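Residue-level structural notes
The residues making up each chain are set out below.
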Amino acid sequence: MASTIPDPSAQAAAPPADQAGRVEAHGIDFIPDAERHGHARELFAVWAAPNVSYLSLVVGGALILMGLGLWQALGVIAAGNLCWVLVGLVAVSGPAAGTPSQVITRAMFGIRGNRANIALTGWFVSVCYLALSWAAASLSAFSLVDKAGIALTTGVKVVVIVVLAAATLAISVYGHATIVKLYLPFTLALTAVFVVLAGYVLGHVDWGYAPRHPLHGTELWAVVIGGITLVASAPLSYSNSADFARYLPRTASPWAIAGWTTLGAYVPGVLFTSLGALAGTALDMSDPQTALETILPGWFKPAFLLAVILGAICNNAMTAYSSGLALQSIGVRIRRSRSVALDGALGVALTLYALLVSNFLDTVSNMLELMVALMGPSIAIYATDILWRRNRYDGRDLTDESRGSAFWYTGGVNWAGVTALVVATAIASQCVNTQMYTGPIARAAGGTDLSLPAGILVSAAVYVAMMRVHRPTEARRGCPPRHPTSG
């Protein structure tokens, strides 16, 4: 008679669910303690790779084009990048809950309310950023192909875009462990290229640069605050940092998690955005790629273009990974790998349309400027909830979507979170000053864009006030968790 006792050696041979080079098995489900691994310091490279970026150069150059002096622009860069602290704070909720950000935010918005929240702030924004980043990388790839003597026909452009997307999505499909494994060498390679680039830029910098028509008074403050908002728009779009920290052991230091996440993004964000501002003192950064190529030797141009492409792949691999989790969290019942592929296909379609048919990306870019009025309140509510609950989340309760769930609240909606988000977004939208739209509060303030501070402060205040007054069921019992072994 055959034994029914499991073979311990067979169990030991079973591959882990999160291993580099293997497709990640988990999606939005809870990560058990036995499958937790890694160290907080690994998060530095995870966040550094996508921020050693050509887009940082573009933003830095844009600050000079807006009329700021060199030292004013550098101050704006240092201040705007401080919003990465919020991303670091959000990351600590991953190991506490053992689930991704898209599930943890059920605590703030309720099971049903969170689906609507993630559909907009998670999935939709991610797909738009995929198209924007792939478009930027494709232009560099087109230039590289042209330098190789290959005619840039429509068919060639399509192949280039598809190849870039395939490389990106391969990393995203393999998932978390593969991202952690690859991003350290990617960070080192990108840093090496950008250090060489910095050497050529620094040789042309006008350290005494001042704009032809210096800004003063209200006009200066309007541009400074607008610049801070522009720089901050990058970290505000990353309310998904728990996705990349959730496999860490529950015992990992929250300070280490927040610190390595923040430093990984802040340091390259400041350095390479500053490099763009420095370049703007001597070059016309309205077309950064062309401008930078004028000061680079021929042998280095291919390396520069390849670095632009690799940086975009790093950025979009993380975005596509989280967009797949977002699609699952809004109720699409497919495996994470397939959800990533589906979002990638949509991103490729938007990129092809933008580059080959219409100037669609300008519309998307302008729309994302307005999204700061939504993204600021969204990440502020998340960060506020972490502090309010003292980062105590029950991962198993968070994955329970039934009507009896601790996070069902009222009809599946936590009205504290929804009200805070709607009210703060409504107020912040009246404070924006963009090419597409200027709100009445911004006009009354002399064109000063106050959407960033207004959205963050109003959302946090409304959320805390309503949670204290109404004390939803989960708010009362969320600390400590019901399951000592799960968070």
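Keep in mind the model is a prediction, meaning the values are calculated, not measured.

A few words now on the overall build of the protein chain. In terms of helices and strands, the protein chain carries 23 helices and zero strands. Here the protein chain has a C-alpha radius of gyration of 23 Å; the compact-globule value for 487 residues is 23 Å, and the two agree. Viewed in the frame of its principal axes, the protein chain has a C-alpha envelope of about 80 × 60 × 40 Å. Out of the 487 residues in the protein chain, the part that is buried amounts to 55%. In the protein chain, 84% of the contacts between residues at least 6 apart in sequence involve partners at least 24 apart.

Turning to helix H12 (residues 217-236), a few remarks are in order. The first and last C-alpha atoms of H12 sit 28 Å apart over 20 residues, in line with the 28 Å expected at 1.5 Å per residue. Along H12, the residues classified as buried are Leu220, Ala222, Val223, Val224, Gly227, Thr229, Val231, Ala232, Ser233, Pro235 and Leu236.

For the protein chain, per-residue confidence averages 88 on the pLDDT scale, and residues scoring 70 or more make up 91% of the total. Across residues 1-14 the pLDDT falls below 50, and counting only partners more than four positions away or on other chains, this stretch makes one contact in the model. Under a pLDDT of 50 for its full length, residues 474-487 has, in the predicted model, 39 contacts with residues more than four places off or in other chains.

Let us look at the nonpolar core. The tendency in soluble globular proteins is for nonpolar side chains to be buried as a group. In terms of nonpolar packing, the biggest core is built from 123 residues, with Trp47, Leu197 and Phe304 touching the most fellow members. It is helix H15 (residues 301-329) that contributes the most residues to this core, 13 residues altogether. Setting aside residues up to four positions removed in sequence, Phe304 forms contacts with Tyr54, Leu57, Val193, Leu197, Gln289, Leu292 and Leu296.

Quick look at the environment of Arg250 now. Turning to its location among the elements, Arg250 is positioned in the loop between H12 and helix H13 (254-280). The class for Arg250 is partly exposed, based on a relative accessible area of 27%. Here the alpha-carbon distance between Arg250 and Ile225, two residues 25 residues apart in the chain, equals 39 Å.

Following both chains from N to C, one finds helix H4 (residues 70-80) and H13 inclined at 160°, their axes separated by 9 Å at the closest point. By the criterion of interaxial angle, the relationship of H4 to H13 is roughly antiparallel. Seen from above, H4 lies across H13 with right-handed handedness. From H4, Leu70, Ala73, Leu74, Ile77 and Ala78 reach across to H13, where they touch Tyr266, Gly269, Val270, Thr273, Ser274, Ala277 and Leu278.

Attention now moves to the pattern of salt bridges. One pass over the full model with this rule turns up eight salt bridges. Two residues, Glu401 and Arg115, come together in a salt bridge whose shortest N-O distance is 2.7 Å. Here Glu401 is found in the loop between helix H19 (395-398) and helix H20 (415-429), whereas its partner Arg115 is found in helix H9 (residues 111-147), with 286 residues between them in sequence. Across the pair Arg333 and Glu401 runs a salt bridge whose closest N-O atoms are separated by 3.6 Å. On the criterion of sequence distance, the pair formed by Arg333 in the loop between H15 and helix H16 (336-356) and Glu401 in the loop between H19 and H20 is long-range, its members being 68 residues apart. Residues participating in the shared-partner salt-bridge network are Arg106, Arg115, Arg333 and Glu401.

This brings us to the packing of aromatic side chains. This structure, assessed with the given rule, holds 12 aromatic pairs. Taken together, a centroid distance of 5.8 Å and an interplanar angle of 90° make the contact between Trp47 and Phe244 edge-to-face. A residue pair is termed long-range when its members are at least 10 positions apart, and Trp47 in helix H2 (residues 42-48) and Phe244 in the loop between H12 and H13 qualify at 197 residues. Given a relative accessible area of 3%, Phe244 falls into the buried group. Look at Phe194 and Phe272: their rings are 5.3 Å apart centre to centre, the planes differ by 70°, and that puts the pair in the edge-to-face class. Linking Phe194 in helix H11 (residues 176-202) with Phe272 in helix H13, this pair joins segments that are 78 residues apart in sequence. A relative accessible area of 1% means that Phe194 is categorised as buried. The exposure class assigned to Phe272 is buried, which follows from its relative accessible area of 9%. Taken together, the ring pairs in this structure connect Trp47, Trp84, Tyr238, Phe244 and Tyr321 into an aromatic cluster. A cation over an aromatic ring shows up here: Lys157 above the ring of Phe142, its NZ or CZ 5.5 Å from the ring centre.

How each quantity is defined
- Residue positions within a chain follow its written sequence, with the count starting from 1.
- Under the rules for a predicted model, residues below a pLDDT of 70 receive no local features and side-chain atom pairs below 80 are neither given nor counted, while totals for whole chains, interfaces and linings still include all residues.
- Just so you know, side-chain values use all the structure's heavy atoms and leave hydrogens and water out.
- Only runs of H or I of at least four residues qualify as helices and only runs of E of at least two qualify as strands under DSSP, and these elements are numbered from the N terminus.
- With the radius of gyration taken over C-alpha atoms, the globule rule is written as 2.2 Å times the number of residues to the power 0.38.
- Only protein chains enter the accessibility calculation, which uses a 1.4 Å probe; a residue is then buried when its area is under 20% of its type maximum, exposed when over 50%, and partly exposed in between.
- Note on contacts: a residue pair is in contact if any heavy atoms of the two residues lie within 4.5 Å.
- Take the number of residues in a helix, subtract one, and multiply by 1.5 Å to get its expected span.
- A residue's pLDDT is the confidence the predictor assigns to it, expressed on a 0 to 100 scale.
- Nonpolar core, defined: a set of buried Ala, Val, Leu, Ile, Met, Phe, Trp, Tyr and Cys residues in which side-chain atoms within 4.5 Å join the residues together.
- Only the stretch in contact is used when a helix axis is fitted, and all axes are lines through C-alpha atoms; the angle between N-to-C directions ranges over 0 to 180 degrees.
- When an angle is under 35 degrees it counts as roughly parallel; over 145 it counts as roughly antiparallel; between 65 and 115 it counts as roughly perpendicular; any other value is oblique.
- The hand of a helix crossing depends on one turn: near helix anticlockwise from the far one by less than a right angle means left-handed, and clockwise means right-handed.
- Put simply, a salt bridge is a Lys or Arg side-chain nitrogen that is within 4 Å of an Asp or Glu carboxyl oxygen.
- Stacked, edge-to-face and tilted labels apply to pairs of Phe, Tyr and Trp rings (six-membered ring for Trp) whose centres lie within 6.5 Å, assigned for plane angles under 30 degrees, over 60, and everything in between, in that order.
- Should the NZ of a Lys or the CZ of an Arg lie within 6 Å of a ring centre and within 35 degrees of the ring normal, that charge is described as sitting over the ring.

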